[in-house]
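Structure assessment
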Amino acid sequence: METATRQIVAFGGGGFSMESGNPLLDDYVLGLTGAERPRVCFLPSASGDADHYIVRFYRAFSTHRCEPTHISLFRREQGPSDVRRHLLSQDLIYVGGGSVVSLLGVWRAHGIDSILCEAWESGVILCGLSAGSLCWFAEAVSGFHGEPKRVRGLGLLPFSNCVHYERGSGRGEAYHRFLREGMRSGYAAEDGAAFHFRGEELRRVVSSRPQARGYRLDVAGSRVVEMRIATTYLGDREAEPEAPLPEALSAAPAP
Amino acid sequence: MAGGPGLSTATPVRRILALGGHEFSSRPADRAVCELLLRLAAERGGERPRICILPTASGDTSEQIASFYAAFGERSCEPSDVALFRLGRRPVALRDHLLDQDLIYVGGGSMVNLLAVWEAHDIASILSLAWRQGIVLAGQSAGAMCWFEAGITKSSGKPLAAPGLGLLHGSLCVHYNDEPERRAAYLDAVGEGMAGGYGLDDYAGLLWEGDGSPAALTARRGARAYRVDSREGAVAESPLPTRFLPAPAPAALREDIAEFRRIKTMRKRAGWLT
């Protein structure tokens, strides 16, 4: 049996939703598909399928360079009738930001969670920012509303995840506390940084901003160890197409 | 507010208003619905009752929120909204805010998504408590079916049965004669064993006040409410007697204009004008 490469690109924050005029991360995920006109489906569920967000997606992913579609789970009568078939026929599924709690609730109600797992297994590249990053992991730090909360994600990636990991955002502090309280090891990304996973293995960290970084967080006893991961700035002309990561960082953290 | 029926020591009356379909427009039938909502809220909250919209079923569209404020913003009440998809920008203490209301109105949209998002945010238990405390629960379309054990929703495209919160026994089908395919799906579902219940046309409503049967209301001539039951293998549909809700004068009508209109009407009646 042919085994497809399972790939996820998890943005801390960035792409057309947050970086108008900076297409580096969006170009990167389109490039990964290897298709001349990749089929890209946008899932804006975390925003409640906000119209303005869908319009911005179509503006950023114009028909010149891809075949863009979207699925609105609030207006199922308008979209493709066979959602599973549509999602499995894509090259890239792009998940927008918003409320990860609402996102997962709506996905479960429509059976999207298992379809996305199937799509991943069959080689469709999954990506997204913010809530659209948190959702792929086993556990996540949601800071969408009020105090940061621990949330269970789809669990395709057996790690924890924290997005918008900027200094002084309050999320970092909460993430460290959750780790000490037993949350599994994982990854945190600043805005502009993105983790590219092949299977469950982190292949590289790329960024749309020269200073944006990704971090790996582990717990040693009662201490949290945070490691900054070498990040490839995609705007750098000398950026290697695929700089391999040191062994220590690409291996899965101990469970 | 003190001494309002909801705040007395006696068990509060549980009230739910389920509407088959309406908008927040300035048309007479829509004004009649708004007037009823205001009256129900005022019976609990006094002169300036608190009314909150949950626009969850629409995905918190700004259109739904704006039309709600357009209808209630200038009236004697304190309108607010809880947009679960927008909490990041506008944090709200969900439980405290909802339990502080006199009336909670749930807008239309996807019933399946409504219940899924409520479950994710643990809203159902708050609404059930609100109901027991005498806070009026109201809504149209998905926002009406959600209170029953089941409804007929087009959340997945075609009309299909979906479970609700179950505060009210039985089932509800909205837009009854306005969407024949929805009514047909409902009659089939009840025939196949789904709990019976009610069919509501747009601008028809059912008001539960305490235990017992609901009162059927209409805000538009010809809009009907039906009792739908399965009896000996056949589904029976019987129209309920309804009370008509007259439309109030447009809210924005200025006192002097209203006076002028009254004089004009009187003159017309007296035959001074043709």
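In what follows, the accompanying structure is described. (Residues numbered from 1 in each chain as written. Chains lettered and ligands numbered in written order. Predicted model: local features only at pLDDT ≥ 70, side-chain atom pairs only at ≥ 80, totals over all residues. Heavy atoms only, no water.)

**Overview of the overall build of chain A**
Applied cut-off: Strands are runs of DSSP state E lasting at least 2 residues, helices are runs of H or I lasting at least 4, and numbering of each runs from the N terminus. Radius of gyration: C-alpha atoms only; globule rule: 2.2 Å multiplied by the number of residues to the exponent 0.38. Each residue gets one of three labels from its accessible area relative to the maximum for its type: buried under 20%, exposed over 50%, partly exposed in between, using a 1.4 Å probe on protein chains only. We count Lys and Arg on the positive side and Asp and Glu on the negative side, and we leave His and both chain ends out. Think of each charge as sitting on NZ of Lys, CZ of Arg, CG of Asp or CD of Glu.
Looking only at helices and strands, one finds eight helices and 14 strands in chain A. In terms of C-alpha radius of gyration, chain A reaches 17 Å, essentially the compact-globule figure of 18 Å for 255 residues. Across the 255 residues of chain A, 57% fall into the buried class. Averaged over its 28 positive side-chain charges, chain A has a centre that lies 3 Å from the centre of its 30 negative ones.

**Focus on the interface of chain B and chain A**
Note the cut-off: Pairs of residues are marked as contacts when any of their non-hydrogen atoms sit within 4.5 Å. Buried area counts how much accessible surface, traced with a 1.4 Å probe, disappears from two parts once they are put together, with both parts' losses summed. The rule for a salt bridge is simple: a side-chain nitrogen of Lys or Arg has to be within 4 Å of a carboxyl oxygen of Asp or Glu. Under this definition, polar contacts are N or O atom pairs within 3.5 Å; protein pairs additionally need one hydrogen-donor-capable and one acceptor-capable atom, and for neighbouring residues in sequence, both atoms have to be side-chain atoms. As a working rule, the residues Ala, Val, Leu, Ile, Met, Phe, Trp, Tyr, Cys and Pro are called nonpolar, Asp, Glu, Lys and Arg charged, and the rest polar, with Gly in that last group.
With 24 residues of chain B at the interface, the matching set in chain A holds 19 residues. Here chain B packs against chain A, burying approximately 1600 Å² in sum over the two surfaces, 58% of which is carbon and sulfur. Here chain B is connected to chain A by zero salt bridges. The tally of links from chain B across to chain A stands at four residue pairs in polar contact (both at pLDDT 80 or more). Elements supplying a minimum of two residues to the side of chain B that touches chain A: helix H4 (111-121) and strand E6 (148-156) of chain B. If you tally residues by element for the side of chain B that touches chain A, the top one is H4 of chain B, at six residues. The residue makeup of the side of chain B that touches chain A, split by class, is 11 nonpolar, 10 polar and three charged.

**Concerning the packing of aromatic side chains**
The description of two aromatic rings rests on the distance between their centres and on the angle between their planes. Residue and element names in this part refer to chain A. Just so we agree on the cut-off: Stacked, tilted and edge-to-face are the three classes assigned to paired rings of Phe, Tyr and Trp, where Trp is represented by its six-membered ring and a pair needs centres within 6.5 Å; plane angles under 30 degrees give stacked, over 60 edge-to-face, the rest tilted.
Counting across every chain of the model gives 32 aromatic pairs over all chains. On the numbers, 5.9 Å between centres and 80° between planes, the contact of phenylalanine 16 with phenylalanine 61 is edge-to-face. One end of the pair, phenylalanine 16, is in the loop between strand E1 (7-11) and helix H1 (24-32); the other, phenylalanine 61, is in the loop between helix H2 (51-60) and strand E3 (67-70), and 45 residues separate them in sequence. The class of phenylalanine 61 is buried, set by a relative accessible area of 0%. The interplanar angle of 90° and the centroid separation of 5.3 Å between the aromatic rings of phenylalanine 159 and tyrosine 187 together place this pair among those described as edge-to-face. Here phenylalanine 159, found in strand E8 (residues 157-162), pairs with tyrosine 187, found in strand E9 (residues 186-189); they are 28 residues apart in sequence, far enough to count as distant. Take phenylalanine 159 and tyrosine 187: they sit in the same class, and that class is buried.

**Overview of the environment of phenylalanine 195 of chain A**
Relative to the helices and strands, phenylalanine 195 of chain A resides in strand E10 (residues 193-198). Taking the C-alpha atoms as reference, phenylalanine 195 of chain A lies 20 Å from arginine 237 of chain A; in sequence the two are 42 residues apart.

**Comments concerning the nonpolar core**
Cut-off, in case you're wondering: Residues grouped as a nonpolar core are buried Ala, Val, Leu, Ile, Met, Phe, Trp, Tyr and Cys residues, joined through side-chain atoms within 4.5 Å.
Grouped together as the largest cluster of nonpolar side chains are 118 residues, with contacts concentrated most on Trp107 and Trp136 of chain A together with Phe72, Trp118 and Trp147 of chain B. The biggest single contributor to this core is helix H1 (residues 28-45) of chain B, with nine residues. Beyond its immediate sequence surroundings of up to four residues, phenylalanine 72 of chain B is in contact with Phe24, Cys34, Leu37, Leu38, Ile51, Cys77 and Pro79 of chain B.

**Focus on the pattern of salt bridges**
All names here are of chain B. What the rule picks out here adds up to 25 salt bridges over all chains. For arginine 15, the salt bridge goes to glutamate 43, with nearest N and O atoms at 2.6 Å. Taken together, the residues arginine 15 in strand E1 (residues 15-19) and glutamate 43 in helix H1 connect sequence positions 28 residues apart. Residue arginine 15 is classed as buried on the basis of its relative accessible area, which comes to 7%. A salt bridge links arginine 182 to glutamate 179; its shortest N-O distance comes to 2.8 Å. Comparing arginine 182 with glutamate 179, the two get one shared label, buried.

Such coordinate-based values are descriptive only and should not be taken to indicate function.
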